[in-house]
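Observations on chain architecture
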Amino acid sequence: LSRRLISWEKWLSSNQISPELPSLIKLSVSQQLKRLFVDFEFYNPGNELIENIRGFLSGCCLLINSSQYFNNELEFQLEQVIDEAINQLNLQIFKDGAHFERSPYYHCKVLEALKDIKKLAEHISKQGFLISDILEKANNLAILCREKLELMSKWLEKLTFSYGEICQFNDSARIRGLSHSFEELTELLEDSGFFVKHNSDYSFILSCGSPSPAFLPSHSHCDIFSYELEIKKQLAIIDSGCSGYDNETLRLMSRETESHNLPMVQHQEQSDIWGQFNFGKRAKIIKRVFNKEDSILEIEIQDQFGQILTRKIVFSDNCIEITDNLKIRRMEG
């Protein structure tokens, strides 16, 4: 429903159409907006909710100059949706610029949605007949989108390999990212839980964050410690990413510990996977430190059973040395 409204807005803004068609479309849009407003995906408040906001604002912008359809009720709803947009952007975008579901793929999707939301908010803020509160809030939303877009773009650059595609952690597919604006970079992204190292010889990206967010781990995998390595613009070691959502067997397999570049202890999962989009008891980060002077990354986690595992990575000239250690074992056999 949201995507249909988005598509109508984009198509009407870029095509010459007959005079009769817009009135029919606006009637349909007004009915779709009524349905969408009572069906926002608050039960699944991630990238889907951002798409709902984008769709509602798109529909409103189609009707905003039509007094027949843009009535007091829709104006009231518009203000509520703008408020929710501001709340969600502050919630869903980490301080380091990552989308809180920790999927580079969905990060790209949210980034594109924010570009549209910014334009729509700017358009709404220029409609002088609206009440002053809506105009002010729409302008604040546009400003917030610009700030978040800058942060998200910088984060995506860091999670993009030099040949131009994103890394494939959690529910991700290999798509185009953003070209680097740097030649060398080594950084531990504390908020989102990724480590990145780029230089002229290779790019190394590692996932070292817990399933996120805690209340919505639907796109998370058992992938703490997993990494991808690109050497001279060629992928050498990859993560399995996401196979899709239509095959339950492949879906489960893609989320399991053994589908990632990390140790599996006694054939047990890092976190308790159940269903296609759920986690039970989860692994958590105990320690995550990068020593810049010695170029050593150390991570310590506790899995769902209370077992403690560590991974130490030492970076030196033409060498990446990875050492794993099981400090506490609780599962036998």
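These notes cover the structure that comes with them. (Residues numbered from 1 in each chain as written. Predicted model: local features only at pLDDT ≥ 70, side-chain atom pairs only at ≥ 80, totals over all residues. Heavy atoms only, no water.)

**Some thoughts on the sheet that holds strand β8 (residues 284–291)**
If you walk across this open sheet you meet the four strands as β8-β9-β10-β11, and the pairing is antiparallel. Looking at the sheet topology across the chains shown, the edges are occupied by β8 and β11 (319–328). For this sheet, the mean angle separating the axes of adjacent strands, direction not counted, is 10 degrees. Both strand β9 (residues 296–302) and strand β10 (residues 308–316) contribute to a ladder of seven bridges, which runs antiparallel. (Pairing = 2+ DSSP bridges. Helix = DSSP H or I, 4+ residues; strand = E, 2+ residues; numbered from the N terminus. Axes fitted to C-alpha atoms, helices over the stretch in contact; angles between N-to-C directions.)

**Notes on helix α7 (residues 248–255)**
An α-helix turns once per 3.6 residues; consequently, residues spaced three or four apart project the same way. All of the buried residues in α7 are Arg 251, Ser 254 and Arg 255. The arc enclosing the buried residues of α7, seen along the axis, measures out at 95 degrees, which places them on a common side. At its buried positions, α7 is contacted by β6 (273–274) and β7 (278–279). Where α7 begins, the capping side chain belongs to Asn 247, and its oxygen is found 3.0 Å from the backbone nitrogen of Thr 249. (Buried < 20%, exposed > 50% of the residue type's maximum accessible area, 1.4 Å probe, protein only. Arc of directions from axis to C-beta. Contact = heavy atoms within 4.5 Å. Polar contact = N/O pair within 3.5 Å; in protein donor to acceptor, adjacent residues only side chain to side chain.)

**Quick look at the nonpolar core**
Judged by nonpolar contacts, the single largest core of 47 residues is most densely connected at Leu 33, Phe 56, Leu 57, Leu 78, Ile 82, Ile 124 and Leu 141. Among the secondary structure elements, those contributing two or more residues to this core are α2 (20–37), α3 (47–63), α4 (72–92), α5 (104–125) and α6 (132–158). Phe 56 has contacts with Leu 33, Leu 36, Phe 37, Phe 40, Leu 74, Gln 77, Leu 78 and Val 81, leaving out every residue within four places of it along the chain. Grouped together as the second largest cluster of nonpolar side chains are 20 residues, Phe 204, Leu 229, Ile 299 and Ile 313 included. (Core = buried A, V, L, I, M, F, W, Y, C linked by side-chain atoms within 4.5 Å.)

**Description of the pairing of β11**
Relative to β11, β10 runs antiparallel, the two sharing nine bridges. Within β11, the position partnered with Lys 312 by the bridge is Thr 323. A loop of two residues connects β10 with β11, the two strands running antiparallel in sequence, and Asn 318 in this loop sits at a positive phi of about 60 degrees.

**As for empty space enclosed by the protein**
Counted under the stated rule, the structure contains one cavity of 30 Å³ or more. Taken as a whole, the largest cavity spans an internal volume of roughly 60 Å³. Lining the largest cavity are Thr 257, Pro 263, Met 264, Val 265, Gln 268, Glu 269, Gln 270, Ile 301, Asp 303 and Leu 309. When the residues that make up the lining of the largest cavity are grouped by side-chain class, the tally is five nonpolar, three polar and two charged. (1 Å grid on protein atoms, 1.4 Å probe; cavity = no way out; pocket = protein on both sides within 12 Å on 5 of 7 lines; lining within 4 Å. Points joined across faces, edges and corners; volume = space filled by probe spheres on them. Nonpolar A, V, L, I, M, F, W, Y, C, P; charged D, E, K, R; others polar.)

**Observations regarding the packing of α4 against α6**
In a pair of packed helices, the angle between the axes and the distance between the axes together describe the arrangement. Orientation of α4 relative to α6, taken along the N-to-C sense of each, is 25 degrees, at an axis distance of 10 Å. Between α4 and α6, the angle is such that the two are roughly parallel. Every pair of crossing elements has a handedness; the one defined by α4 and α6 is left-handed. In this structure, α4 contributes Glu 75, Leu 78, Glu 79, Ile 82, Asp 83, Ala 85, Ile 86, Leu 89 and Asn 90 to the contact, and α6 contributes Asp 133, Ile 134, Lys 137, Ala 138, Asn 140, Leu 141, Leu 144, Cys 145 and Lys 148. Residues belonging to the contact of α4 with α6 are distributed by class as follows: ten nonpolar, two polar and six charged. (Parallel < 35°, antiparallel > 145°, perpendicular 65-115°, else oblique. Left-handed = near helix turned anticlockwise from the far one by under 90°.)

**Comments concerning the side chain of Asn 170**
The topology assignment puts Asn 170 in the loop between α6 and β1 (185–189). We classify Asn 170 as buried; its relative accessible area is 0%. Polar contacts involving the side chain of Asn 170 include one to the main-chain amide nitrogen of His 221, which spans 2.9 Å.

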